[in-house]
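Each chain is listed here by its residues.
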Amino acid sequence: MTGDHRVSRRTMLRTLSALGVAVAGGFDPVTPGTAHAQALGQNETVEAAIKRLFGGKTIKDGSPAIKLDVPIIAENGAVVPVSVSVDSPMTPTSYVRHIYVLADKNRIPIVTRVTLAPEAGRAFMGANIRLGETGDVRAIVEQSDGTLLQVKREVKVTVGGCGG
Amino acid sequence: MTDIGKVRLRVPAIIKAGDVVQVRALVIHPMERIERDAQGKIIQKNYNYIDKVIVTYLGKTVATFDTTQNVAENPFFSFTFKATDPGLLKVQFLDTTGGRYEGTAEIKFS
């Protein structure tokens, strides 16, 4: 998931719509679904996943800006509601580009990557995720200027939900 | 399961122009988890789960979710968008077997 890849895809989409090619075609992921998913979710440690996603970039503490809403105790690890909202003006010059949700103790630590456009109006995402066992859930936010911010919270899981 | 791919979208009943609206989307989908054999090795196969969710409003992509198997069964997502004009809000769910499930909501101002 390098920046180059993103740029090329965006440029390609723009070109497609400029040419007036069928809009539905433009929404198709450029890479086949499976290959893409394998690239994102891999069996690795959370440190390896962060390294793979962000390289050696420093990740600052984002606790003043990011609100990570997770339960303190999740009775059922199969369904854990998570929501992340970030203080951001969401203007075309300054917005939140990505929100990553990672679960430290899951075998595949990356849960989801959300790509936002300034039209979203607010940097917010919510999802129900799975947690294998008690551990930290972290949200990493990438802003449009490339700054990385992170917060994490521990979730106690009574019954794991990842199986295997 | 015959219900696979059923999408439910929930938008607020009253939307004013310029509001930042929070939407909840749900799709019925098994989101298969990784299976292991007796030795604990991962069984290699094409697991059926949703790996992409695309939200478009007035034909423009507002948000995309790239998801892994860590998302719960019958995945539920919420997101916001800025309601500038009346039009169509569309949420597409793509899974790893090529399935494409879609839900739409007509955004109207009262």
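Remember, predicted model here, so these are calculated numbers, not experimental data. (Residues numbered from 1 in each chain as written. Chains lettered and ligands numbered in written order. Predicted model: local features only at pLDDT ≥ 70, side-chain atom pairs only at ≥ 80, totals over all residues. Heavy atoms only, no water.)

J.: Honestly, the overall build of chain B in this entry has me stumped. Any pointers?
T.: Secondary structure summary: chain B contains zero helices and seven strands in total. Moving toward the C terminus, one meets the helices and strands of chain B in the order β-β-β-β-β-β-β. In chain B, which comprises 110 residues, the share counted as buried stands at 48%. The contacts of chain B with a sequence gap of at least 6 include a subset with a gap of at least 24, amounting to 57%. For chain B, the accessible area works out to roughly 5,300 Å², and carbon and sulfur atoms hold 48% of it. (Helix = DSSP H or I, 4+ residues; strand = E, 2+ residues; numbered from the N terminus. Buried < 20%, exposed > 50% of the residue type's maximum accessible area, 1.4 Å probe, protein only. Contact = heavy atoms within 4.5 Å. Areas by Shrake-Rupley, 256 points an atom, 1.4 Å probe, with all protein chains shown as cover.)

J.: Just to check I follow, could you spell out the side chain of Asn106(A) for this structure?
T.: Mapped onto the elements of the fold, Asn106(A) is located in the loop between β5 (96-103) and β6 (110-116). At 2.8 Å, the side chain of Asn106(A) and the backbone nitrogen of Gly132(A) are in polar contact. (Polar contact = N/O pair within 3.5 Å; in protein donor to acceptor, adjacent residues only side chain to side chain.)

J.: How should the interface of chain B and chain A be read in this particular structure?
T.: Buried accessible area, meaning the area lost when the parts come together, often serves as the stated size of an interface. Of the residues lining the interface, 40 residues belong to chain B; the matching set on chain A comes to 40 residues. Across the chain B to chain A interface the summed buried area is about 3,200 Å²; carbon plus sulfur atoms make up 50%. Among the residues of chain B in contact with chain A, Arg33(B), Asp66(B) and Asn70(B) are the three that bury the most area, contributing 21% of the side total. Put simply, chain B and chain A have two salt bridges between them. In this structure, Arg113(A) engages Asp66(B) in a salt bridge whose closest nitrogen and oxygen atoms are separated by 3.1 Å. In terms of residue count, the dominant contributor to the side of chain B that touches chain A is strand β4 (residues 60-67) of chain B (eight residues). Its residues placed into classes, the side of chain B that touches chain A shows 17 nonpolar, 14 polar and nine charged. Note: β6(A) against β4(B), five bridges, orientation antiparallel. Each bridged residue has a counterpart across the sheet, and for Thr115(A) the counterpart in β4(B) is Thr64(B). (Buried area = accessible area lost by both parts, 1.4 Å probe. Salt bridge = Lys/Arg side-chain N within 4 Å of Asp/Glu carboxyl O. Nonpolar A, V, L, I, M, F, W, Y, C, P; charged D, E, K, R; others polar. Pairing = 2+ DSSP bridges.)

J.: I keep staring at the pattern of salt bridges and nothing clicks. Help me out?
T.: When the charged atoms of two side chains with opposite charge come close together, those side chains can pair. All names here are of chain B. Per the stated rule, a full pass over the model turns up nine salt bridges over all chains. Measuring nitrogen to oxygen at the nearest pair gives 3.7 Å for the salt bridge that ties lysine 45 to glutamate 35. With lysine 45 in the loop between β2 (20-27) and β3 (50-57) and glutamate 35 in the loop between β2 and β3, the pair connects residues that are ten residues apart, well separated along the chain. Residue classification places lysine 45 among the partly exposed positions, given a relative accessible area of 40%. When its relative accessible area of 36% is taken as the criterion, glutamate 35 is described as partly exposed.

J.: Can you help me understand the sheet that holds strand β2 (residues 66-69) of chain A in this one?
T.: Across a sheet, paired strands are connected by hydrogen bonds in the backbone, their directions being either parallel or antiparallel. Pairing in this open sheet of six strands is antiparallel, and the strands run β2(A)-β4(A)-β7(A)-β5(B)-β2(B)-β1(B) from one edge to the other. The open sheet has two free edges, formed respectively by β2 of chain A together with β1 (7-10) of chain B, since each of these has just one partner strand. For this sheet the average axis-to-axis angle between neighbouring strands, irrespective of direction, equals 15 degrees. Sheet analysis places strand β4 (residues 80-86) of chain A next to strand β7 (residues 123-129) of chain A, joined by seven bridges and oriented antiparallel. For Val80(A), the partnering residue across the bridge sits in β7(A) and is Ile129(A). (Axes fitted to C-alpha atoms, helices over the stretch in contact; angles between N-to-C directions.)

J.: Sorry, what's going on with unusual backbone geometry here?
T.: All names here are of chain B. A positive phi is found at methionine 31, a non-glycine position, where the angle reads about 45 degrees. Along the chain, methionine 31 turns up in the loop between β2 and β3. By relative accessible area, methionine 31 is classed as buried at 1%. Positive phi is not limited to glycine here, since leucine 58 has a value of about 55 degrees. Structurally, the position occupied by leucine 58 is in the loop between β3 and β4. Judged by relative accessible area, which is 40%, leucine 58 ranks as partly exposed.

J.: Can you help me understand the nonpolar core in this one?
T.: Side chains that are nonpolar tend, in soluble globular proteins, to be buried together. Formed by 57 residues in total, the largest nonpolar core has its most connected members in Val84(A), Ile99(A), Leu116(A), Phe81(B) and Phe93(B). Look past the residues within four positions of Leu116(A) in its chain and what remains in contact with it is Met90(A), Tyr95(A), Val96(A), Arg97(A), Ile99(A), Ala123(A), Phe124(A), Val62(B) and Ala63(B). Val46(A), Ala49(A), Phe54(A) and Ile110(A) belong to the second-largest nonpolar core, a separate cluster that totals eleven residues. (Core = buried A, V, L, I, M, F, W, Y, C linked by side-chain atoms within 4.5 Å.)

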